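Breakdown of the fold
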Amino acid sequence: MKKRTLLKGAVAALALAASPALAESHSEKTKVGFVYVGPVGDGGWTYEHDQGRKAVEAEFGDAVETVYVENVPEGPDAERVITQMALDGADLIFTTSFGYMDPTINVAAKFPDVKFEHATGYKTAPNVSVYSARFYEGRAVQGTIAGRMTESNVIGYIGSVPIPEVVRGINSAFIHARKVNPDVQFKIVWVYEWFNPAKEADAAKVLIEQGADVILQHTDSTAPLAAAAEAGNVIGFGQASDMAEYADGPRVSSIIDNWAPYYIARTKAVMDGTWESTNTWDGIGPGMVGIGEITDKVPAEVKAEALALKDAIASGEYQPFTGPLKKQDGSDWLAEGETADDGTLAGMNFYVEGLEGEIPQ
Amino acid sequence: MDLSSINWLLLLASLMVAATPILLAGIGELVVEKAGVLNLGVEGMMITGAIAGFAAAVETGSPALGFLGAAAAGALLSMLFAVLTQFALANQVASGLALTLFGLGLSSLMGQGYVGLKPPSTPKLDIPLLSEIPVLGPVLFSHDLMVYVAIAIVAGTWAVLKYTRTGLTLRAVGENHEAAHALGYKVIAIRCAAIAFGGACAGLGGAYLSLVRVPQWTEGMTSGAGWIALALVVFASWKPWRVLIGAYLFGGITVLQLNLQAAGLKVPVEYLSMSPYIITIVVLVVMSSGRGRGALGAPASLGRTFHATG
């Protein structure tokens, strides 16, 4: 009996001693959560977001605590994961896939004090910001290299999920491939997933079998590059991440997502209390989209041409969607010298003239 | 649409490659279910085999040792399931699902250091003379060894189940474990052996993905192949050769739909993507119409826990 009282007393004393410390540490640390669609080891999209998370930790050290959940399916399950994160005391939550848009908005309505940041979406709220990168700028550079490098004039494109983001990438790559090579033709295969290495590998093989000697991908794994390496005389590009491990083989350049500066800035804003709902869409200029090193497989003059285009885009002197451009059905879209506005780009649901096939609905 | 751009021979050849992982996992699961055990952990054993095989192949530089390692890892993991269900008498469905979750986590832990590496390439086996036959040669006889090993395992399983005493005992255990026990057969031991075989086959299937079909290691790379293998066993109504047909059908449709897309076919390809599952459902409905479980060919003791009371 006595023993038990003693124990109880000890526990109570411990709890008393510990609780102020606990409370203090909690109020000091800013908790930042990340919700990922794939595994952090995918080598592409999620990998780069996780690099951003690590950059936040490196920047603020003990002042922040980061948490993440990987492989979260887009849909109702995401809402559960985001809610759990908010309940666990996160001050700022990044949800990093298009399909988390509605779940993020729903959870945000229930937690007005928590700040949310949704990647690649368009719905905002007082405590929800959206951010995305202008990947289509990078695709213009890829398209230029692809158009110059193809010998069969067939370029294969692995589409993930038919949303404006992906359609925009196809159009941008196609416009710039045609610009340098009027005979070029695109073959597009949709896999309806962001990440499925086996399916991506099969898709790449099919495109190669049907004559493509350049593979562009908008899926997250390195499987298409592995398939290209096996085929031998096929080139490809890193997607989302540099994928430099294939630099000696098929990879000639890449589009790199660089989220770290943004994540650091937004975390800082929460810490300072200056956070506001914003809509960020940055490209090559501010450095949110990087172009991975163009390898020596690409002839010097093509490399120079690609880099010149990159610089023109970065300085704002050139916009990848500049008229004259027509839609697939032949109707006029942009007049000579006219550029597309962000609203049209954000909701792009049509192919430009010259592309074959239909966008799956 | 330009169907002429599809190389039908290459399509047939790549169909055999696309089908091999689910064929291996499927035939292993068939044996497990024939012994009366329902192991839903195929996906977990496949992904564990994928990383174990990948790691073994990278470390030793030998794809053959990679496949052996994958089989061993799959069998080892399946023993966890065997202990749970055969000795601790845990629920098979729950244990199988747990095994899948465990395998996915374990594989991503094991795979930490292997992301971005390239495995040693598995040599193609251009069988002399046979691979030079026009049309048939490139389609049938110029694959890597595992494609033929998978077919050989199907043939072996069929022969053992049909013609040998071992096969008969295994089937007896799966049909009526009480009776088999009364006759003096060691039900638990036989079931454990079947589970180990199933694990080894699933491991091989996973390694085929990470070493040949993709070939690289990425977390979650099986992405549902194990579940297709489970559906395949039902589709095949527990008959080995039908597993082969089913695997080629499923694999074929996957490859065909990608080919049709690349050729610019104007039908919604989502229908083709889901067709393997629709076919499974249709077959299930047809086979089960009015004649019950027996007509499906399911082993009578499937999924039931055995505990020797006597």
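Up top is the structure these notes are about.
Presented here is a report on the structure given in the accompanying data block. Computed from a predicted model, the values in this text were never measured in an experiment. (Residues numbered from 1 in each chain as written. Chains lettered and ligands numbered in written order. Predicted model: local features only at pLDDT ≥ 70, side-chain atom pairs only at ≥ 80, totals over all residues. Heavy atoms only, no water.)

Here we take up the nonpolar core. Core analysis: the biggest nonpolar cluster contains 93 residues, and A:Ile93, A:Phe116, A:Ile145, A:Ile170, A:Phe186, A:Phe321 and A:Trp333 have the highest contact counts within it. Those residues in contact with A:Ile93 that sit more than four places away from it in its chain are A:Gly33, A:Val35, A:Ile82, A:Met85, A:Ala86, A:Val114, A:Lys115, A:Phe116 and A:Glu117. Counting residues in each nonpolar core, the second largest holds 80 residues, with A:Ala198, B:Leu24, B:Ala71 and B:Phe81 among its members. (Core = buried A, V, L, I, M, F, W, Y, C linked by side-chain atoms within 4.5 Å. Buried < 20%, exposed > 50% of the residue type's maximum accessible area, 1.4 Å probe, protein only. Contact = heavy atoms within 4.5 Å.)

Let's shift gears to the packing of helix H3 (residues 63-87) of chain B against helix H9 (residues 187-213) of chain B. Residue and element names in this part refer to chain B. Viewed as axis vectors pointing N to C, H3 and H9 meet at an angle of 140 degrees, and their least axial separation amounts to 6 Å. Classed by the angle they form, the pair H3 and H9 counts as oblique. Both H3 and H9 take part in a crossing whose hand is right-handed. Counted by class, the contact of H3 with H9 contains 19 nonpolar, seven polar and one charged residues. (Axes fitted to C-alpha atoms, helices over the stretch in contact; angles between N-to-C directions. Helix = DSSP H or I, 4+ residues; strand = E, 2+ residues; numbered from the N terminus. Parallel < 35°, antiparallel > 145°, perpendicular 65-115°, else oblique. Left-handed = near helix turned anticlockwise from the far one by under 90°. Nonpolar A, V, L, I, M, F, W, Y, C, P; charged D, E, K, R; others polar.)

Glancing now at the sheet that holds strand S3 (residues 92-95) of chain A. Residue and element names in this part refer to chain A. If you trace the six strands from one edge of the open sheet to the other, you get S2-S1-S3-S4-S5-S11, paired in parallel fashion. A strand with exactly one partner marks an edge of an open sheet, and here the two such strands are strand S2 (64-69) and strand S11 (279-282). The sheet shows a mean angle of 15 degrees between the axes of neighbouring strands, direction not considered. Pairing between strand S4 (residues 115-119) and strand S5 (residues 128-133): four bridges, direction parallel. Across the sheet, residue Phe 116 finds its bridge partner in S5, namely Val 128. Sitting on the sheet, helix H2 (residues 45-60) is in contact with strand S1 (30-35), S2 and S5, with an inclination near 165 degrees to S2. Set on the sheet, helix H3 (residues 76-87) makes contact with S1, S2, S3 and S4; between it and S1 the angle comes to about 170 degrees. (Pairing = 2+ DSSP bridges.)

Here we come to the packing of aromatic side chains. Under the criterion given, the structure shown has 25 aromatic pairs over all chains. A ring pair is formed by A:Phe34 and A:Phe94, whose centres lie 5.0 Å apart and whose planes are at 15 degrees; its orientation type is stacked. You can see A:Phe34 sitting in strand S1 and its partner A:Phe94 sitting in strand S3, a full 60 residues away along the chain. We classify A:Phe94 as buried; its relative accessible area is 0%. Considering the side-chain rings of B:Trp158 and B:Tyr163, the 5.7 Å spacing of their centres and the 90 degrees angle between planes classify their relative orientation as edge-to-face. Grouped by ring-pair contacts, the aromatic residues A:Phe34, A:Tyr36, A:Trp45, A:Tyr68, A:Phe94, A:Tyr131, A:Phe135, A:Trp259, A:Tyr262 and A:Tyr263 constitute a single cluster. We note A:Arg134 situated over the ring of A:Trp281; from NZ or CZ to the ring centre the distance is 4.2 Å. (Phe/Tyr/Trp six-rings, centres within 6.5 Å; stacked < 30°, edge-to-face > 60°. Lys NZ or Arg CZ within 6 Å of the ring centre and 35° of its normal.)

With that settled, consider empty space enclosed by the protein. Residue and element names in this part refer to chain A. The full count for this structure, using the stated rule, is one cavity of 30 Å³ or more. Taken as a whole, the largest cavity encloses approximately 170 Å³ of empty space. Along the walls of the largest cavity sit 17 residues, with Trp 45, Phe 135, Glu 165, Trp 194 and His 218 positioned nearest its centre. Within the residue set of the lining of the largest cavity, elements represented by two or more residues are helix H5 (135-149), strand S9 (235-240) and strand S10 (251-257). Here the residues of the lining of the largest cavity are counted per class, giving eight nonpolar, five polar and four charged. (1 Å grid on protein atoms, 1.4 Å probe; cavity = no way out; pocket = protein on both sides within 12 Å on 5 of 7 lines; lining within 4 Å. Points joined across faces, edges and corners; volume = space filled by probe spheres on them.)

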